[in-house]
Amino acid sequence: MKILMLNPPFLFRFSRTSRSPAISKGGCVYYPIWMGYATGVLEKAGHDVKLIDAPARGTTLEEVIELAKEWKPQLIVVDSVTASFNNDVKVTETLKDLNPNAFTLMVGTHVGALPELSLRQSKKIDAVARGEYDFIVRDLAEALEKKKPLENVLGITYWGEDGKIKFTPNMPPIEQDGLDAMPFASEVYNRHLKIRDYFYPSVLYPEVTIITGRGCKFRCTFCKWPQTLTGHSYRARSVKNVVDEFEWISKNLPYVKDIMIEDDTLTQDKQRTIELCREVINRGLKVTWTCNARADVDLETMQWMKKADCRLMCVGFESADQTILNNIKKGTRVEKIEQFMVDSKKANLLVHGCFMMGNHGETKETIKKTVEWAKKLEPDTAQFFPLMVYPGTEAFKWATDNNYLSTKKWDEWLTPEGTHNTILNTEHLSAKELVAGCDWARKEFYMRPSYIFNRFKLMVTQPREAPRLIMGAKTFAKYLLDINFWKKSAAAKQVS
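Each value, and the rule that gives it
Residues numbered from 1 in each chain as written. Predicted model: local features only at pLDDT ≥ 70, side-chain atom pairs only at ≥ 80, totals over all residues. Heavy atoms only, no water. Helix = DSSP H or I, 4+ residues; strand = E, 2+ residues; numbered from the N terminus. Rg over C-alpha atoms; globule rule 2.2 N^0.38 Å. Buried < 20%, exposed > 50% of the residue type's maximum accessible area, 1.4 Å probe, protein only. Contact = heavy atoms within 4.5 Å. Areas by Shrake-Rupley, 256 points an atom, 1.4 Å probe, with all protein chains shown as cover. Lys, Arg positive; Asp, Glu negative; His and termini not counted. Charge placed at Lys NZ, Arg CZ, Asp CG, Glu CD. Pairing = 2+ DSSP bridges. Axes fitted to C-alpha atoms, helices over the stretch in contact; angles between N-to-C directions. Disulfide = S-S within 2.5 Å. Phe/Tyr/Trp six-rings, centres within 6.5 Å; stacked < 30°, edge-to-face > 60°. Lys NZ or Arg CZ within 6 Å of the ring centre and 35° of its normal. 1 Å grid on protein atoms, 1.4 Å probe; cavity = no way out; pocket = protein on both sides within 12 Å on 5 of 7 lines; lining within 4 Å. Points joined across faces, edges and corners; volume = space filled by probe spheres on them.

Visitor: How would you summarise the overall build of the protein chain if you had to cite specific residues and measurements?
Guide: When its secondary structure is counted, the protein chain shows 21 helices and 15 strands. The globule rule puts the C-alpha radius of gyration for 496 residues at 23 Å, and the 22 Å found for the protein chain is close to it. A principal-axis box enclosing the C-alpha atoms of the protein chain has dimensions of 65 × 55 × 40 Å. Per-residue burial for the protein chain yields a buried fraction of 60% across its 496 residues. Look at the contacts in the protein chain between residues 6 or more apart in sequence, and 73% of them connect residues 24 or more apart. Surface accessibility of the protein chain: about 20,200 Å² in total, with carbon and sulfur atoms responsible for 53%. Treating the 70 positive side-chain charges of the protein chain as one cloud and the 62 negative ones as another, the clouds have centres 3 Å apart.

Here it is, written out as structure tokens:
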């Protein structure tokens, strides 16, 4: 069967796969990770598949239309997120009009959280997938090809022949055997995409992003993937399978300088993390990697990670206020985080720190407290961003129940330029104050002479870090030269 896997045209360099999709101010462009894995599964099942990442390549709708006219896919799978949903429906409708006999399936976090509401947007959307959809798309393709009833395809919500919306039971979570059997995402990227189109500011360039485990056992109220896509049961690929992919990347993509492990939390299983490091060391691989981690990793684990050439951990600190951390079910303690940072420096691992403003309990005073704390922690780089809430998350329900959302128009989750539009007005802080607080925080953190000196020192002592630090500095300089930045910073003095 001919299957088009489409990350549809929208804004150039719009990252749907980001946990908070937008055009990144730091230039970050995510791989279409979940579409990549599903593509590999479909190809392994014998289907003829094209994976198109329009925002990363700059592919226009007209170019996608030409492809659809010429190639005539029988199944069209369209990825979608909250901010781009209305656009994605229109793209789906356009392709359905071109190929009336094609089956259209929408996938992703937004439609998975709101399946019935999504379907009601258009009768030209034949179905939506709920949750991780690798095997859902595979089973749907088989059912369509063999003309089997859709009621036997798990994990879909679809229009029945009687014109009513039907739900099938959920697809069970994919366990280790199923994950290990999937083709490597890096192989799929290499066949379908351009590796150099993708960039993380905290990761060496060029990089490849992979997933080694799905689901997260922690319950952060704001975190989107575990609540809308992968669930809270942690299911990991075998250590051998992961390191086999490391080795494949090393041999076949020698120009790649970093492997980004995009698991919600690689380090949630200490023993597996150490085993992974041991396997890398035992094979004598010289592969640099970066990962998402929690601020509770102990020194022993970090020392193993460093030996295996992990260079940086992306860590969500969120807030210096323990009450806020408790409110969002973060499961971390301020004193433990501080010890984590001490240990990370002992292990000589870099840390990219994430700080979130606007959660339950946030005030002007807690924002100031968090910014001062960030300077004390001294991560290599830091991002300060307002809480963005998405359907299917506890944070969205909290904001909705308390009438904190300034809009429920999905398009308004973005500014006209495609960056995040803060739509949260709490009892303590307006959306404008949250944005101003984040702008002030970036200025306070990055404009310190001590920080600037230490970044120059890092470039001298670790030359491989220089390119991404220079790229990050250039991006930040654009905001420093923007008069609006200084107006916001002046306004932020009221927040601080």
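Visitor: Provide a residue-level description of the pairing of strand 6 (residues 156–159), including the pertinent values.
Guide: One face of the sheet, then the other: side chains in a regular strand alternate in exactly this way. Residues Ile-156 and Tyr-158 point to one face of strand 6 and Thr-157 and Trp-159 to the other, with burial holding for every one of them. Both strand 5 (residues 127–129) and strand 6 contribute to a ladder of 3 bridges, which runs antiparallel. The residue bridging Ala-129 from the neighbouring strand is Ile-156, located in strand 6. Pairing between strand 6 and strand 7 (residues 165–167): 3 bridges, direction antiparallel.

Visitor: Help me get a handle on the sheet that holds strand 14 (residues 350–357), residues and values and all.
Guide: Sheets are built from strands paired through backbone hydrogen bonds, the pairs being either parallel or antiparallel. Strand order across the open sheet formed by 6 strands is 8-11-12-13-14-15, with parallel pairing between neighbours. Bordering the open sheet on either side are strand 8 (207–210) and strand 15 (381–386), each of which pairs with just one other strand. Neighbour-to-neighbour, the strand axes of the sheet open up by a mean angle of 20°, direction not taken into account. Where strand 11 (residues 258–261) lies against strand 12 (residues 289–293), 3 bridges are found, and the strand directions are parallel. Considered in strand 12, the bridge of Ile-261 is made with Cys-291. Sheet strands touched by helix 15 (residues 334–346): strand 13 (310–318) and strand 14. Its angle to strand 13, the strand with the most contacts, is close to 165°.

Visitor: Tell me about the side chain of Thr-415, and please be specific about residues and values.
Guide: Tracing the backbone through its elements, the reader meets Thr-415 in the loop between helix 17 (394–401) and helix 18 (431–446). Sequence-distant contacts of Thr-415, that is, excluding residues within four places in its chain, are made with His-420 and Asn-421.

Visitor: An account of the environment of Ala-129 is needed here, citing residue identities and associated values.
Guide: As for its placement among the helices and strands, Ala-129 is situated in strand 5. Overall, Ala-129 belongs to the buried group, its relative accessible area being 1%. As a C-alpha pair, Ala-129 and Val-111 span 18 residues in sequence and 7.3 Å in three-dimensional space. Those residues in contact with Ala-129 that sit more than four places away from it in its chain are Leu-105, Met-106, Val-107, Val-111, Gly-112, Ile-136 and Gly-155.

Visitor: Help me get a handle on the state of the cysteines, residues and values and all.
Guide: In total, this model carries 0 disulfides according to the counting rule given. Cys-314 provides the cysteine sulfur closest to Cys-28, a residue in no disulfide bond, and the two sulfurs are 9.3 Å apart. Take Cys-223: it sits in no disulfide, and the sulfur closest to it among the cysteines is that of Cys-220, at 6.1 Å.

Visitor: How would you sum up the packing of aromatic side chains? Please name residues and give values.
Guide: By the definition in use, this model includes 19 aromatic pairs. With 6.4 Å between their ring centres and 50° between their planes, Phe-246 and Trp-289 make a pair best called tilted. Residue Phe-246 is located in helix 11 (residues 239–252), and its partner Trp-289 is located in strand 12; the two are separated by 43 residues in the primary sequence. For Phe-246, a relative accessible area of 0% corresponds to the buried category. A connected cluster of aromatic rings, assembled from ring pairs, spans Phe-317, Phe-340, Phe-355, Trp-373, Phe-384, Phe-445, Tyr-446 and Tyr-451. Taking NZ or CZ as reference, Lys-50 lies 5.0 Å from the ring centre of Trp-71, over its face.

Visitor: Please provide a residue-by-residue account of empty space enclosed by the protein, values included.
Guide: One pass over the full model with this rule turns up 5 cavities of 30 Å³ or more. Put simply, the largest cavity is a space of about 120 Å³. Forming the boundary of the largest cavity are 16 residues, of which Arg-16, Thr-17, Trp-34, Asp-79 and Thr-109 lie nearest the centre. Contributing elements (two or more residues each) for the lining of the largest cavity: helix 1 (33–44) and helix 10 (224–228). For the lining of the largest cavity, the element with the most residues is helix 1, which contributes 3 residues.

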